[in-house]
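# Architecture at a glance
Chain residues, written in single-letter form:
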Amino acid sequence: MNSLSVPLCLCGFQPVLAVLNVDGWILAFSAITVVATIFMGFWTAKRSKTASDFFVAGRSVSVGWNASAISGEYLSAASFMGIAGMVMSSGYDALWYPVCYACGYLFLLLFIAGPLRRFGAYTIPDFAEGRFDSPVFRKIAVVFVLFIGFFYTMPQMKGAGTTLAYIFPGLPYWAGVVLVGAVITLNVALGGMKGITLVQAFQYWMKMFAISVPIFVLMAVYGHYGKQMSVTGPEKPDFSTPIAISENPSIEEKQRFDAINNAKQWEMYLERKPLPLKAPADATWLNPFGPLTTKAAKTAAAAIGKQATLANPFAATVFPDDWRSLSGATSLVSVSTSMTLPAVNGWVTLEPPPSLARAEDRLKAVFGQAQHYSVGNAKLVSVLMDYARLSGRKVIANTNLGLTRLLGSLQLNWNERATLVSDLERFLATNGIALRQDAAGSLRAMTQEQVAKWDRSGDPSAVADPKGPVWRGEDTVPYLTSAISLRAGLSPDQRMTVNFDSPSIAQVLAIYADLTGRQLLPRTNSIPERVDALLLGTLSRWKLISPPAVPDSGVREHGDGAFTAAEVKAAIEAQLRTHGLAVAPVGEKGFRVVAAEVTRLPSNGKDQSLLTSAATNAEKAWLDKHEKPLALVYTYSLIIAIVCGTAGLPHILVRFYTNPDGTAAKKTTMWVMILIGMFYVFPPVFGALGRNLLPDLYNGVGAKGTDKIVLELPRILNAKYPPLGSILSGITCAGAFAAFMSTFSGLLVSMTGALAHDVYGRILRPKATQDERMRMFKIGAVIIGAIAILLGMQVEQLQINFMVGQAFAIAAASYFPLLFMAVWWRKLTMKGAATGMLTGGLAALLCISLTSFSDLATAPKASAFFTLFAGLNPFWAAHPLLRILCEQPAIWAVPLAITLMVIVSKLTAHEVPGDIHMKMLVLHAPEQLGLKQEYIQEHQAH
Amino acid sequence: MARQLKLSVACALMFLLALLCLPLANYFAPELMATRIFGFTLTWFVLGVLFFPFVWIISYVFIRRSIALERAEVSEVRHGGTEARSKEQK
């Protein structure tokens with residue numbers, strides 16, 4: 001689209017670019033970043049001569065350089081792209097990631113940074129061996145460096161695949177992974193650590209520039225952060241709609257109320273694009289305990305709801321006890337007063353059922369030739385519904401009238417329809433409800449104040465078009481009614497007379513049972529009868545128990561009468577429906593009465609009413625009780641994982657050895673905190689802006705989903721100021737390249753270091769020469785790069801940020817306890833440390849793999865390996881707490897590791913190294929005292 | 001070592017208090033945390049904006065105190081000889 005403005009150097013490729021639909025600016029910026037990185041790598045490669053240069057850059061990097069380099073290495077694809085994507089898709093809960101990524105450094109600073117540097121070892125395995133005088137422990141530590149490293153390379157690879165798929169539309173995800181992985185691997189094999197330090201310091205500033213500048217431009221054009229946030233939550237206000245707040249407002253309602261009453265806020269109202277159905281609703285997105293932390297609970301609730309609609313006759317029924325106790329004077333209405341109408345904002349439309357035009361006749365048909373219209377404990381909504389039915393007109397009621405409130409008993413003479421209608425109007429008026437006709441001819445039920453307002457403005461159009469669900473008397477849950485038909489042999493046209501003066505719920509349901517040939521379930525809630533039901537009626541057949549008789553259906557006459565069987569059945573269903581009840585089939589022989597609810601679909605303007613059934617009811621009840629506590633557990637586990645995991649990431653720790661002394665290591669950490677803290681303010685802004693400006697991404701999956709918001713968002717500027725959008729998008733692409741290149745190279749160096757330095761140099765060939773080690777470093781880089789690429793190709797479906805969180809959780813359960821305890825507890829023994837680290841780390845690894853694999857099993861085109869784990873999903877649905885503890889294991893794995901360390905160390909107390917006092921002194925005494933001692937002496941000689 | 005640890009623990013407690021109390025506040029006082037400030041909800045503003053400067057302050061204070069402590073130790077050892085050092089070990 002911008003082929004005219006493609007930089008000179010790319011002019012020759014213009015036709016090619018046009019065919020591939022590649023944006024020249026984006027390609028140019030990305031190419032420059034990659035070339036500059038590679039050039040710097042080669043340039044510095046000439047200058048890194050010794051093994052010491054390769055591994056830890058000769059330990060002579062200044063605080064400023066080192067802080068920039070650590071930050072550069074730390075700000076991975078997860079930070080650059082993943083956080084923005086996750087904030088966009090999950091909202092508030094995703095904010096914990098950037099905060100804890102940054103704050104985890106504080107833990108590193110407080111407990112680990114200084115002592116570790118003073119100890120003077122190259123890598124974690126060096127530290128493990130030096131602290132415990134144990135070569136065995138070194139091997140264990142090496143294995144863990146590789147494990148955690150691989151877990152952490154996967155999200156970087158996903159970032160690479162996503163970015164390349166964005167730059168070259170049509171390029172498959174795996175190709176991007178292979179291409180970028182190969183380039184970086186080559187670069188590391190040739191450059192080594194010294195090159196990486198320089199490159200990474202440069203890359204930090206590159207990333208900082210790339211994330212902040214586009215944000216400032218976007219905010220200047222489309223409104224600042226706070227403004228963008230203020231639109232999220234309340235819907236666009238309708239000033240003509242009377243706003244009131246119900247007695248017990250939900251948070252969502254209250255936010256909306258506040259926002260709408262604050263007229264000032266709406267002066268700066270921003271235009272939002274409509275959210276697609278897949279996007280979380282504003283309230284769940286904005287508030288804590290949203291989609292991320294409540295996913296397990298939601299899955300569990302859905303399973304419970306599904307179960308409730310299946311053949312379990314004892315679940316989710318409306319009647320708590322034996323329904324036969326509801327006989328006598330109890331009417332349908334009084335039963336339904338225990339139901340609540342769910343909050344629907346705006347208007348509810350109550351329509352007379354068109355198929356039952358002669359409404360009063362139908363009422364009489366069901367309720368007999370009563371002399372009175374009589375309702376005990378009438379609910380406003382039922383009175384309005386009856387009014388609509390009797391007058392044959394549509395009634396539109398404002399939900400803030402308190403539709404479920406009770407108006408008391410009502411008894412009117414059942415004379416003529418017209419008198420009954422005016423009597424009902426009078427009854428409503430005494431309760432403060434007026435009915436006015438609007439321009440469209442519908443009747444609107446309003447409070448007297450609203451009527452006064454309407455009269456003042458003199459403009460009937462001041463009342464907005466009805467919004468909200470249309471609620472017809474005949475509406476029933478489609479699934480539920482279609483599943484229940486008249487009993488075999490009963491023709492729908494069969495005429496009949498049903499004769500009741502004052503029907504009880506039991507009698508009405510008995511008619512229904514008679515018509516459908518089904519039995520109302522549960523017949524009872526008493527334990528003996530339940531057992532009887534389970535034993536298929538054996539107990540009652542043997543006369544061990546005697547179930548009470550089913551009430552008389554009262555259907556007196558078949559073959560003659562004013563109404564057909566189908567009409568009577570429909571009328572009963574309609575009557576139930578009006579009172580928030582519905583009938584649900586149970587197997588072939590039963591039905592039960594459940595609560596039917598009106599719920600809203602999120603921002604789907606067309607049909608906002610969705611009638612759901614017992615499923616929703618059971619689901620909701622379960623969620624009310626369990627959702628938030630589970631989400632709280634998830635949140636805490638996430639915090640622990642990231643905070644402790646930061647302090648245990650191997651590729652970050654190795655950087656501390658490049659500080660000249662412990663004080664410098666501490667100062668470095670402080671500057672790292674400031675540098676990354678500044679950075680982390682920005683990615684959530686991308687997420688918030690993306691939700692308002694580019695919600696289409698919610699519909700994408702894999703590399704085309706919200707993970708690419710950082711790359712894609714600046715491009716919308718092209719609509720106003722071309723080619724600014726492309727330039728800025730090019731800059732963020734360059735930043736993304738910097739992000740996954742720097743982290744991936746850092747990981748490669750630390751993993752290759754472990755392989756070459758520990759596995760080869762220490763274990764396989766201790767007598768290897770310097771040159772052999774250097775060669776091994778290069779070969780190792782290629783091997784590890786290849787494995788990382790293969791792993792990266794598998795994870796397109798997982799979110800970048802989520803995968804990083806998992807790597808952190810494993811590090812938190814293994815390295816953090818090791819480092820923390822080894823630095824601060826002198827009685828720690830090798831066996832204790834190894835047991836704790838291995839158990840914690842492996843348990844976390846196992847649990848995380850299980851949840852990730854079972855998630856991948858449900859993805860489209862899942863590979864055969866992952867589908868093996870699909871069987872776990874029902875288990876997770878049944879045990880949401882276990883699912884959370886497996887997905888985020890830090891909350892139990894970190895304490896487990898530490899406890900094991902303490903217990904096993906106590907048991908093996910005699911194995912505490914003899915020179916432990918000296919070791920603790922080296923770890924903690926200031927270096928000016930000259931106690932510093934290089935544990936790994938041989939490399940210093942070179 | 002003991003004094004360094006005490007300092008570290010004090011700073012860590014400050015930080016943990018803030019970090020662990022925010023979810024509790026979200027849990028028990030959702031209405032309060034949903035109050036709007038500059039367009040943000042209160043809880044979003046605290047977590048997404050204010051938290052970073054708070055951590056900088058803690059780390060800055062810690063670095064200054066910690067380096068001062070090291071200096072004090074060095075001068076103590078240089079002037080007090082080996083006694084101070086052996087005391088340090090206990």
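Here, the structure is the one placed above.
Report on the accompanying structure. Note that this is a predicted model, so its numbers are computed, not measured.

To continue, consider the overall build of chain A. Looking only at helices and strands, chain A features 38 helices and 15 strands. Buried residues in chain A amount to 61% of all 942 residues. The contacts of chain A with a sequence gap of at least 6 include a subset with a gap of at least 24, amounting to 82%. For chain A, the accessible surface area stands at approximately 35,400 Å², while carbon and sulfur atoms represent 62% of it.

Here the focus is the packing of helix 33 (residues 830-857) of chain A against helix 37 (residues 890-907) of chain A. All names here are of chain A. It is the contact of helix 33 with helix 37, at a shortest axis distance of 7 Å, that shows an interaxial angle of 155 degrees. In terms of their interaxial angle, helix 33 and helix 37 are classed as roughly antiparallel. Where helix 33 crosses over helix 37, the handedness of that crossing is right-handed. Side by side, helix 33 and helix 37 meet where Lys831, Gly832, Ala833, Thr835, Gly836, Met837, Thr839, Gly840, Ala843, Ala844 and Cys847 of the first sit next to Trp892, Ala893, Leu896, Ala897, Leu900, Met901, Val904 and Ser905 of the second. Here the contact of helix 33 with helix 37 is built from residues that sort into 12 nonpolar, 6 polar and 1 charged.

Residues and elements named next belong to chain A. Remark: helix 7 (residues 124-132) packs on helix 8 (residues 135-167), axes separated minimally by 8 Å, with the N-to-C direction vectors making an angle of 155 degrees. As the angle between them shows, helix 7 and helix 8 are arranged roughly antiparallel. Note that helix 7 runs across helix 8; the crossing there is right-handed. The segment helix 7 lies against helix 8, with Pro125, Asp126, Ala128, Glu129 and Phe132 engaging Pro135, Phe137, Arg138, Ala141, Val142 and Val145. Looking at the contact of helix 7 with helix 8 residue by residue, the class counts come to 8 nonpolar, no polar and 3 charged.

Now for the interface of chain B and chain A. If you look at the interface, chain B gives 47 residues, while chain A gives 59 residues. Broken down by secondary-structure element, the contributors of at least two residues to the side of chain B that touches chain A are helix 1 (2-28), helix 2 (30-33), strand 2 (40-41), helix 3 (42-80) and helix 4 (82-89) of chain B. Per-element accounting of the side of chain B that touches chain A gives the leading share, 21 residues, to helix 3 of chain B. Here the residues of the side of chain B that touches chain A sort into 31 nonpolar, 10 polar and 6 charged.

Another aspect to go through is a nonpolar patch on the surface. All names here are of chain A. A surface patch of nonpolar side chains, amounting to about 370 Å² of accessible area, comprises Trp174, Val178, Leu790 and Met793. By the element assignment, Met793 lies in the loop between helix 31 (770-792) and helix 32 (800-824). Overall, Met793 belongs to the partly exposed group, its relative accessible area being 30%.

Looking now at the nonpolar core. Within the largest apolar cluster, 205 residues are counted, with the highest numbers of intra-cluster contacts made by A:Tyr101, A:Phe137, A:Tyr680, B:Phe15 and B:Trp44. When residues in this core are grouped by element, the largest group, 19 residues, is from helix 32 of chain A. Sequence-distant contacts of A:Phe137, defined by excluding residues within four places in its chain, comprise A:Ala128, A:Phe132, A:Leu818, A:Met830, A:Ala833, A:Ala834 and A:Met837. Within the second largest apolar cluster, 18 residues are counted, among which are A:Ala388, A:Leu390, A:Leu435 and A:Leu443.

Each value, and the rule that gives it
- Residues numbered from 1 in each chain as written.
- Chains lettered and ligands numbered in written order.
- Predicted model: local features only at pLDDT ≥ 70, side-chain atom pairs only at ≥ 80, totals over all residues.
- Heavy atoms only, no water.
- Helix = DSSP H or I, 4+ residues; strand = E, 2+ residues; numbered from the N terminus.
- Buried < 20%, exposed > 50% of the residue type's maximum accessible area, 1.4 Å probe, protein only.
- Contact = heavy atoms within 4.5 Å.
- Areas by Shrake-Rupley, 256 points an atom, 1.4 Å probe, with all protein chains shown as cover.
- Axes fitted to C-alpha atoms, helices over the stretch in contact; angles between N-to-C directions.
- Parallel < 35°, antiparallel > 145°, perpendicular 65-115°, else oblique.
- Left-handed = near helix turned anticlockwise from the far one by under 90°.
- Nonpolar A, V, L, I, M, F, W, Y, C, P; charged D, E, K, R; others polar.
- Patch = residues over 30% accessible without salt bridge, like charges linked within 9 Å, V, L, I, M, F, W, Y side chains within 5 Å.
- Salt bridge = Lys/Arg side-chain N within 4 Å of Asp/Glu carboxyl O.
- Core = buried A, V, L, I, M, F, W, Y, C linked by side-chain atoms within 4.5 Å.

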